[in-house]
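# Observations on chain architecture
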Amino acid sequence: MTEQRPVKVAIIGAGMSGLCMAIKLQDAGIDSYTIFEKAEDVGGTWRDNTYPGLTCDIPSRYFSYSFRPNPNWSHLLPEGPEIQAYFQQVADERGIRGHIKFGTEVISARYDDGHWRLTTAQDEETFDVLVTATGVLRVPRYPDIPGQADFAGPVFHSARWDHSIRLADKRIGVIGTGSTGIQIVAALGGKVNKLAMFQRTAQWVFPMPNPRYSPVVRATLTRWPVMNRLSYRFWGLIVRHFFGRAPIRPGVQRRVVQALCRWNLRRSVRDPQLRAKLTPRDQPMCKRQVMAWDFYRSVQQPGVEVVTEAIDHIEPLGVVTADGVLHELDLLVYATGFDARAYVRPLTVIGEGAVTLEDAWADGPVAYRSVAVPGFPNMFMLMGPHSPIGNQSLIPVAEDQADYVMWWINQIREGHIVSAAPTALATRDYNDSMKSAMPQTIWVSGCSSWYLGKDGLPELFPWTPERHRELLRTPVLADFDVR
Ligand code: NAP
């Protein structure tokens with residue numbers, strides 16, 4: 001037996017991917033890890049987003065860790081609070097909380113003398129390996145509308161929902177019609193005094209039903225875990241081979257999704273004026289595809305208005321549109337999305353030669369196979385640039401990435417290497433080949449979306465989920481500077 005070196009690992013973030021990394025380390029018998037978590041609980045996105053109607057649009061069976069199926073999902077699509085409860089439960093079952101420094105924001109991470117030195121508001125600590133698991137859509141993006149500060153009522157971002165406010169008697173304005181805005185409108189339409197949906201760009205809506213799992217189904221899956229595993233595989237095939245393929249290349253999947261979106265609008269909205277307002281100019285899936293069952297029904301409820309006139313400014317009493325109309329409101333919600341290019345930032349990361357990640361990403365975030373960056377040895381990212389997001393379940397993606405990171409950690413532990421970082425050449429070649437695959441994706445078909453980077457190309461993975469797994473299965477040593 002070779003003697004194993006102790007390896008100290010720092011994980012930043014206790015969301016879905018940070019917990020996944022921790023479990024992989026534990027399974028390998030590595031207990032010397034610390035998770036730094038800015039907030040006071042695990043869960044990341046599912047802790048921060050609590051807006052009414054929050055539902056993941058990936059089937060629940062496939063929105064679970066492959067190693068920890070959950071027979072108790074209530075619906076085909078899991079609701080926000082039960083996803084959060086699932087991650088809390090996994091953290092408790094695996095005893096991960098004891099490794100988490102809650103309420104501890106990492107301010108900087110510096111690679112120094114073969115180690116990562118992490119500075120928090122409280123202290124400094126040194127690690128062999130740094131894993132960033134900071135999520136993708138974490139930093140809320142607020143609009144820049146004149147007069148915003150003048151609004152007399154409560155106003156907040158969708159990811160910072162204020163549950164102290166009673167909604168039923170309110171006149172509510174929702175700015176934004178992405179997946180979030182549409183879920184909020186679907187949940188509140190007809191249930192509040194008035195609802196104004198401010199739509200800058202119409203969205204295609206895929207008709208995704210969300211049936212409840214009966215107690216019999218749940219009991220069956222609990223009694224026979226093999227059924228749960230089969231169900232995971234079944235939904236995995238659907239997600240990967242249907243929704244995963246439709247946007248990345250022309251074919252039957254793309255035609256079916258597009259036809260169903262158009263049919264959904266035609267059959268659900270009979271009023272020609274409202275239908276015209278809700279008809280997008282771009283193609284289905286060009287923006288992140290919205291999946292909903294109730295949206296068109298909700299938007300036609302009494303008291304719901306679709307406002308397509310551009311917003312001019314905000315006043316104490318409400319929102320004034322370019323036609324001079326004042327939409328009087330008691331509460332304003334910004335469902336205006338997130339800064340998708342933040343990744344690990346605003347945390348300062350300093351690699352070899354005092355080069356910061358900010359410098360390395362001056363032209364936009366890039367990575368080698370989405371997990372590593374040249375000049376930043378022993379730093380690995382989960383959900384880094386160009387990860388397969390948007391048309392996938394992120395959980396299997398995080399599992400594949402964490403397995404890849406484990407391969408490198410094991411090399412260090414077994415004493416084969418001290419450090420590894422991808423070469424600039426391999427990283428450039430990888431990114432060039434990705435760019436050349438972008439033209440066949442639907443994301444470049446002429447819309448604006450958070451998918452697009454500075455160069456106008458999507459910061460997404462243009463190939464199949466299987467290809468992503470394959471790329472991470474066996475590390476290519478020749479692509480790395482290994483010491
Ligand atoms: P988003 O997709 O970025 O949508 C932001 C919306 O705000 C867009 O409609 C945008 O209009 C509008 N907007 C932004 N600034 C505006 C302004 N100044 N005036 C008027 N409108 C403005 O954000 P999101 O809806 O929060 O969704 C982000 C992502 O989160 C989704 O794409 C998805 O990946 C994820 N998500 C997933 C689920 C799920 O079920 N899995 C649920 C919710 C969110 P334009 O289109 O004109 O720019």
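Throughout, a residue's number is its position along its own chain's written sequence, starting from 1. Local features are withheld for residues below a pLDDT of 70 in this predicted model, meaning they are given only at 70 or higher, and side-chain atom pairs are given and counted only at 80 or more; totals for whole chains, interfaces and linings count all residues. Computation of side-chain values covers all heavy atoms of the structure but excludes hydrogens and water.

## A word on the sheet that holds strand E4 (residues 106–112)
Rule in force here: When DSSP locates at least two bridges between a pair of strands, those strands are taken to pair. Only DSSP runs of H or I with at least four residues qualify as helices, and only runs of E with at least two residues qualify as strands; both kinds are numbered from the N terminus onward. A fitted line through C-alpha atoms represents every axis, and for helices the fit uses only the stretch in contact; the resulting angles, taken between N-to-C directions, go from 0 to 180 degrees.
If you walk across this open sheet you meet the four strands as E6-E5-E4-E18, and the pairing is mixed. Every other strand in the sheet has two partners, leaving strand E6 (124–127) and strand E18 (348–350) as the edge strands with one partner each. Ignoring strand direction, the axes of neighbouring strands in this sheet form an average angle of 15°.

## Quick notes on the pattern of salt bridges
Condition: Think of a salt bridge as a Lys or Arg side-chain nitrogen and an Asp or Glu carboxyl oxygen that are within 4 Å of each other. With a 1.4 Å probe rolled over the protein chains alone, any residue whose accessible area is under 20% of its type maximum counts as buried; one over 50% counts as exposed, and the rest are partly exposed.
Following the criterion strictly, the structure yields 26 salt bridges and no others. In this structure, aspartate 169 engages lysine 170 in a salt bridge whose closest nitrogen and oxygen atoms are separated by 3.1 Å. Here lysine 170 falls in the buried class, since its relative accessible area comes to 18%. Close ionic contact of aspartate 479 with arginine 369 constitutes a salt bridge, the shortest N to O distance being 3.9 Å. Separated by 110 residues along the polypeptide, aspartate 479 in the loop between helix H13 (465–473) and strand E21 (480–482) and arginine 369 in the loop between helix H10 (357–360) and strand E19 (379–381) bring together distant segments of the chain. Considered together, aspartate 479 and arginine 369 belong to a single accessibility category, that of buried residues.

## Details of the sheet that holds strand E14 (residues 311–315)
Here we have three strands laid out as an open sheet, ordered E14-E15-E16, and antiparallel in their pairing. This sheet does not close on itself; its edge strands, each paired only once, are E14 and strand E16 (326–328). For this sheet, the mean angle separating the axes of adjacent strands, direction not counted, is 25°. Sheet analysis places E14 next to strand E15 (residues 318–321), joined by four bridges and oriented antiparallel. Directly across from glutamate 315, in E15, lies its bridge partner glycine 318.

## Notes on the environment of glutamine 283
Quick reminder of the rule: Every residue pair with non-hydrogen atoms within 4.5 Å of one another is taken to be in contact. Here a polar contact means two N or O atoms within 3.5 Å. Within protein one must be a hydrogen donor candidate and the other an acceptor candidate, and residues neighboring in sequence count only if both atoms are side-chain atoms.
Mapping glutamine 283 onto the fold places it in the loop between helix H8 (272–278) and strand E12 (290–292). Taking relative accessible area as the criterion, glutamine 283 reaches 33% and is therefore assigned partly exposed. Sequence separation between glutamine 283 and isoleucine 442 is 159 residues, and the spatial gap between their C-alpha atoms is 7.9 Å. The contact partners of glutamine 283, leaving out residues within four places of it in the chain, are Trp204, Gln258, Ile442 and Ser445. Within the local environment of glutamine 283, its side chain forms a polar contact with the side chain of glutamine 258, the two groups lying 3.2 Å apart.

## Points about the site of the ligand
What counts here: Here a residue is near a molecule or strand as soon as one of its heavy atoms is found within 4 Å of it. Accessible surface area values rest on a Shrake-Rupley calculation with a 1.4 Å probe, where residue burial reflects the displayed protein chains alone. Amino acids outside the nonpolar list (Ala, Val, Leu, Ile, Met, Phe, Trp, Tyr, Cys, Pro) and the charged list (Asp, Glu, Lys, Arg) are all regarded as polar, and Gly is one of them.
Near the ligand lie 23 residues; those nearest to it are Thr55, Thr180, Thr201, Lys287 and Trp450. At 3.5 Å from an oxygen atom of the ligand is found a main-chain nitrogen or oxygen belonging to glycine 178. A distance of 2.9 Å separates an oxygen atom of the ligand from a polar side-chain atom of arginine 200. For the ligand, whose accessible area on its own is 900 Å², the fraction buried by protein is 85%. In terms of residues, the shell around the ligand owes the most to one element, helix H4 (residues 179–188), which gives three residues. Residues of the shell around the ligand, tallied by class, amount to eight nonpolar, ten polar and five charged.

## A few points about the state of the cysteines
Going by this rule: Cysteine sulfur pairs qualify as disulfides if the two atoms are within 2.5 Å.
Going through the model one piece at a time under the given rule, you end up with one disulfide. The side chain of cysteine 286 participates in a disulfide bridge whose partner is cysteine 447; the two sulfur atoms lie 2.1 Å from each other. Here the S-S torsion is close to -100°, and the disulfide linking cysteine 286 with cysteine 447 is therefore left-handed. In this pair, cysteine 286 is assigned in the loop between H8 and E12 and cysteine 447 in the loop between helix H12 (424–437) and H13, connecting sequence segments 161 residues apart.

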